[in-house]
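Coordinate inspection notes
Okay, here's what each chain looks like letter by letter:
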Amino acid sequence: MISLYLLLPLARAYARHSGLDDDPGALAARLRARLELAPWWARAYFAAGALFVRFAAPFLYLGRPATFAGLTADDRENLLGRLQRDGRPAARAAFLGVKTMLAVTVYGRPHGA
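Everything numeric in this text was worked out from a predicted model, so none of it was measured.

Let's talk about the overall build of the protein
Broken down by element type, the protein carries five helices and zero strands. Seen in sequence order, the protein has helices and strands lined up from the N terminus as α-α-α-α-α. The C-alpha extent of the protein, read off along each of the three principal axes, is 40 × 30 × 20 Å. Accessible surface computed for the protein: about 6,200 Å², of which carbon and sulfur atoms make up 60%. Distance between charge centroids for the protein: 6 Å, based on 15 positive and 8 negative side chains.

Thoughts on helix H2 (residues 24–37)
The end-to-end C-alpha separation of H2 is 20 Å, in line with the 20 Å expected for 14 residues at 1.5 Å each. Turning to H2, its buried residues are Leu27, Ala28, Arg30, Leu31 and Leu35. Seen along its axis, H2 keeps its buried residues to an arc of 165 degrees; they face one direction. In H2, those exposed residues whose orientation departs by more than 90 degrees from the buried face are Glu36 and Leu37.

Focus on the environment of Ala44
Checked against the element boundaries, Ala44 lands in helix H3 (residues 40–62). With a relative accessible area of 43%, Ala44 lands in the partly exposed category. As for Ala44 and Gly108, which are separated by 64 residues in sequence, their C-alpha atoms are 22 Å apart.

A few points about the packing of helix H1 (residues 2–17) against H3
Following both chains from N to C, one finds H1 and H3 inclined at 40 degrees, their axes separated by 8 Å at the closest point. Classed by the angle they form, the pair H1 and H3 counts as oblique. Relative to H3, H1 is oriented so that their crossing is left-handed. Residues Ser3, Tyr5, Leu6, Leu7, Pro9 and Leu10 of H1 pack against Arg43, Phe46, Ala47, Ala50, Leu51, Val53 and Arg54 of H3.

Overview of helix H4 (residues 73–85)
For H4, with 13 residues, the first-to-last C-alpha span of 18 Å sits near the 18 Å given by 1.5 Å per residue. What H4 keeps buried is the set Asp75, Arg76, Leu79, Leu80, Gly81 and Leu83. Residues of H4 that are buried make contact with H1, H3 and helix H5 (89–107).

Section: the confidence of the model for the protein
Taken residue by residue, the protein gives an average pLDDT of 83. The fraction at 70 or more is 93%. The lowest-confidence element of the protein is H1, averaging 79 in pLDDT; the highest-confidence one is H3, averaging 89.

Focus on the pattern of salt bridges
Tallying each qualifying case throughout the model produces two salt bridges. Across the pair Asp75 and Arg64 runs a salt bridge whose closest N-O atoms are separated by 2.2 Å. Here Asp75, found in helix H4, pairs with Arg64, found in the loop between H3 and H4; they are eleven residues apart in sequence, far enough to count as distant. With relative accessibility at 33%, the residue Arg64 sits in the partly exposed group. Across the pair Asp86 and Arg88 runs a salt bridge whose closest N-O atoms are separated by 2.9 Å.

Criteria and cut-off values
- As a convention, each chain's residues are numbered from 1 in the sequence order in which they are written.
- The predicted nature of this model means local features are confined to residues of pLDDT at least 70 and side-chain atom pairs, given and counted, to a pLDDT of 80 or more, with totals for whole chains, interfaces and linings taken over all residues.
- With hydrogens and water set aside, each side-chain value is computed from the structure's full complement of heavy atoms.
- Helical segments are the DSSP runs of H or I of at least four residues, strand segments are the runs of E of at least two, and each set is numbered from the N terminus.
- Under the convention used here, a 1.4 Å probe and the Shrake-Rupley method define accessible areas, while residue burial counts only the protein chains that appear.
- In this tally Asp and Glu are treated as negative and Lys and Arg as positive; neither His nor the chain ends contributes.
- Lys charges are placed at NZ, Arg charges at CZ, Asp charges at CG and Glu charges at CD.
- The length a helix should cover is 1.5 Å for every residue beyond the first.
- In this scheme, a residue with accessible area under 20% of its type's maximum is buried, one over 50% is exposed, and one in between is partly exposed, where area comes from a 1.4 Å probe on protein chains only.
- When we speak of the arc, we mean the arc of directions from the helix axis to the C-beta atoms.
- Think of each axis as a best-fit line through the C-alpha atoms, taken over the contacting stretch in the case of a helix, with angles from 0 to 180 degrees between the N-to-C directions.
- Geometric relationships in this document are graded by angle, where less than 35 degrees denotes roughly parallel, more than 145 denotes roughly antiparallel, 65 to 115 denotes roughly perpendicular, and other angles denote oblique.
- Crossing handedness: left-handed means the near helix sits turned counterclockwise from the far one by under a right angle, and right-handed means the same turn made clockwise.
- The contact criterion used is simple: two residues touch if any of their non-hydrogen atoms lie within 4.5 Å.
- In predicted models, pLDDT denotes the confidence assigned by the predictor to each residue on a 0 to 100 scale.
- Any Lys or Arg side-chain nitrogen located within 4 Å of an Asp or Glu carboxyl oxygen qualifies as a salt bridge.

Next up, the structure:
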């Protein structure tokens, strides 16, 4: 499932940024379970959003080529804030879709618990 491989590095970086040291295997299993519940078009949407947040957004908003995971904590916080407040609907929609999936996965209870 391509969306899992695009979202998982971002989910790990988001969890670390949030101060949650989660077992990587458990996080991957929870993310996989959440994605399996989503229809194909939603998984494609999450994958496109993950590509944008992981690779394009740091360059567009911070002016340097970097990945989200490679940013400092202050730069990640700055980037997340700028994406959330962006006036362009496409950029904000891409970010909010990914943010919703990650928040549910990182903070939510495991599926079936």
